[in-house]
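Residue-level listing of the chains:
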Amino acid sequence: MTQRLQDIAASSIASWIPVAILAALPFIVGGSWTFTLGLCFANSIGVLAVSFLVRYGGEVSIGHTFFTALGAYAVGVLDTRFGLSLWASVPLALVLGVSLGIAFAWPSRNLHGIYLAVTTLALALAVPEMINNLDWITGGYEGLYVSTPLVPGVEMGLQRYYLGLAMLVAVAAAVARFRLSRQGMTLLLAKTHPAAADAFGTRRVWARIAVMGISGGIGALCGATLAFSGSTVSPGGFTFWQAIFLLVGSVVSFYGLSLFRVLIGGAFVTLVPQLLSASGAWIPVFYGLSLLGMILLGHYLPRIQKTLARRKGGA
Amino acid sequence: MTFWDTLLYDLFPLIWSGMITGCLYALGALGLVMIFKCSKVVNFSHGNVAGLTAFLVYGLSSGVLLSLSWGMAVIVALLCAVAIAFLIYAIISPLVFESDLTSTIATLGFGLIAQGVTLLLFGADIVALDLPIPRFAFSVFGLLVTGYDLTVLAVAIVTIGALFIVIDYTKLGIAFRAISENPFAAEVCGLNLRSVHLFAWVTAAILGVIGALLIVPTTFLSVTTVATFMLQAFAAAVIGGFASLPGSLVGGILIGVLMNLFTFYVSPEFSSTFLLGIILLALNIFPNGVLQRVGGSRV
């Protein structure tokens, strides 16, 4: 067990290398790439939120845009209506995400697997409608523009980039720490052996609510980062399809929680629409094919490896 | 007097039209439930595939792709729907026996592909697709009944009746029920799980096409119309307990009527939020569907 913990610690140290590379990137690549990468970091946090729910709760969500919208509008509204910067809005986003995650988890506490997935689907569908109908605060279709700097005097493009990177690293590091913590272990136990967890005093309902709360909080942080790094908040960013794309990102990264894995998922969610923007109809086709490809790969790869290993052993 | 007037002129027509759309939700929900019952997979591609076939009917009959008669176009579209169902099941069948959640996510992938193909073939435009039915209307006790209403009702009754007869009395239907009850025992008895699953997928695809063709005249046809319609079907299936065919019929009609009442009396802008509320409420009060009593322990 200690060996495993050491492995986890070692892998977290190894993930500092890509962080160093990413930190140097704005001085190498152009402004538009800096902007895109900032969005990419934000989406990686969203992918992490979905993967966290899968890993710790064993549940699939296709409604995480609810939480990202929450975080994004916390930032957008505090910025445009009250002139407050991220120092105030990020904590608010986190609190909102966690508490509404819990608020959603309570009525759905006994739902599992497919039933929960369908409920989150309904949640995702309700999001754009809520945003558009609360237009006195959310700005409706037009959305909000986030312009208050985090640190006055520093160039805004760089701020948008580094905030995204810092948030992603902070969240990924926190999740890695959480894996080693007693609470993290408890949640994993509650997922894999509910009866054993029950015997140790962890009720399944409690575990579900905790996982949903944390996942909702991470989702809200994704939204907050998305709002700041992407500079605009509008209902178009929180559609049902966006929620599915987050899940696709999570599947593509094999539900990984490490920095490197979620970056792959986030890059997938961000870059595919950018690269295919000239031919919009291919985006869903490409997403669908990659989703299927990754699922089938996850299914057949272990078998192929086994067959190969057997052949090697026989020869 | 005024109370009775409003009842007569608002409430009854609302309930009537809600029941008509409810029948269509039930058609969609039945397809979802058939697949779920035997293979425990929720088919998220249902709406998009049905939408694609509705577009095929439009394309084949309007001259965009071909200029066939409406009937021929429907037959070709049905064949396409069956072929697509075959293809989807063939690809995900190895996953079905491993993890129902993974195969459910895989159906999302097919939904995305179907949506993309629709966009590629027909673009993002809105088109009109009508049914070749006689236009007439008459009123019964102040209730306006149109030819469309009667068509929907007749088609829904015939389709659902035929489905229930097949499931209750034919060998295939008995096999379907056996596999839904206990797949392992059914396989031990020599039933082929895959062929019964395929029966469910193909039937669901056909129900989807029928539902899509009937719902489109009330609105218009765009890439998202049928997918949106199928979301109500999801809610109907959830209310029915997701594993009960009569339950989804009741759920469909209930959703149709409730949605109609809500949009008329409360607000048309919060219909999806209302749907979310209904789903959460239904799952908490009737975790096994409206037609079943809550029983046993839920550990």
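In this text, all values refer to a predicted model and were calculated from it rather than measured experimentally. (Residues numbered from 1 in each chain as written. Chains lettered and ligands numbered in written order. Predicted model: local features only at pLDDT ≥ 70, side-chain atom pairs only at ≥ 80, totals over all residues.)

1. So, the domain arrangement of chain A
Residues and elements named next belong to chain A. Rules: The split of the chain into domains comes from an automatic or database domain assignment. Any pair of residues counts as being in contact when their C-beta atoms, constructed from backbone geometry, are within 7 Å of one another. Strands are runs of DSSP state E lasting at least two residues, helices are runs of H or I lasting at least four, and both sets are numbered from the N terminus onward. Polarity classes work like this: nonpolar for Ala, Val, Leu, Ile, Met, Phe, Trp, Tyr, Cys and Pro, charged for Asp, Glu, Lys and Arg, and polar for all others, with Gly in that last group.
As far as domains go, chain A holds domain 1 (2-275) and domain 2 (282-315). Distance from the C-alpha centre of domain 1 to the C-alpha centre of domain 2: 28 Å. At the junction of the two partners, domain 1 supplies seven residues and domain 2 supplies eight residues. Every element with two or more residues in the side of domain 1 that touches domain 2 is listed here: α12 (240-252) and α13 (259-275). Counting residues per element, the side of domain 1 that touches domain 2 draws most heavily on α12, which supplies four residues. Looking at the side of domain 1 that touches domain 2 residue by residue, the class counts come to seven nonpolar, no polar and no charged.

2. Examining the environment of Thr 80 of chain A
Residue and element names in this part refer to chain A. Cut-off, in case you're wondering: The exposure label follows from counting other C-beta atoms within 10 Å of a residue's C-beta, where the C-beta atoms are placed from the backbone and the thresholds are 20 or more for buried and 12 or fewer for exposed, leaving partly exposed in between.
Checked against the element boundaries, Thr 80 lands in helix α4 (residues 65-82). Look at Thr 80 and you get partly exposed, because 18 C-beta atoms sit within 10 Å. On a C-alpha basis, the gap between Thr 80 and Val 127 in space is 21 Å, while along the polypeptide they are 47 residues apart. Thr 80 has contacts with Leu 144 and Tyr 145, leaving out every residue within four places of it along the chain.

3. A few points about the interface of chain B and chain A
Counting residues at the interface gives 35 residues for chain B, matched by 33 residues for chain A. Residue composition of the side of chain B that touches chain A, grouped by class: 23 nonpolar, eight polar and four charged.

4. Focus: the packing of helix α3 (residues 31-57) of chain A against helix α8 (residues 156-180) of chain A
Residues and elements named next belong to chain A. We apply this condition: Every axis corresponds to a line fitted to the C-alpha atoms, with the helix fit spanning only the stretch in contact, and the corresponding angles, defined between N-to-C directions, vary from 0 to 180 degrees. To sort the angles, those under 35 degrees are grouped as roughly parallel, those over 145 as roughly antiparallel, those from 65 to 115 as roughly perpendicular, and the leftovers as oblique. The sense of a crossing depends on the near helix, which, turned anticlockwise from the far helix by less than a right angle, makes the crossing left-handed and, turned clockwise, makes it right-handed.
One way to put it is that α3 packs onto α8 with a least axis distance of 8 Å and a crossing angle of 25 degrees. When the axes of α3 and α8 are compared, the pair comes out roughly parallel. Between α3 and α8 lies a crossing of left-handed hand. The segment α3 lies against α8, with Gly 31, Thr 34, Phe 35, Leu 37, Gly 38, Phe 41, Ala 42, Ser 44, Ile 45, Leu 48 and Phe 52 engaging Gly 157, Arg 160, Tyr 161, Gly 164, Leu 165, Met 167, Leu 168, Val 171, Ala 172 and Val 175. Of the residues contributing to the contact of α3 with α8, the split by class is 14 nonpolar, six polar and one charged.

5. Observations regarding the confidence of the model for chain B
As a reminder, the rule being used: Across the chain, each position has a pLDDT score giving the predictor's confidence in that residue, from 0 to 100.
For chain B, mean pLDDT is 84; residues scoring 70 or higher make up 94% of the total. When the criterion is pLDDT under 50, residues 294-299 of chain B qualifies, and its contacts beyond four places in sequence or with other chains add up to five contacts.

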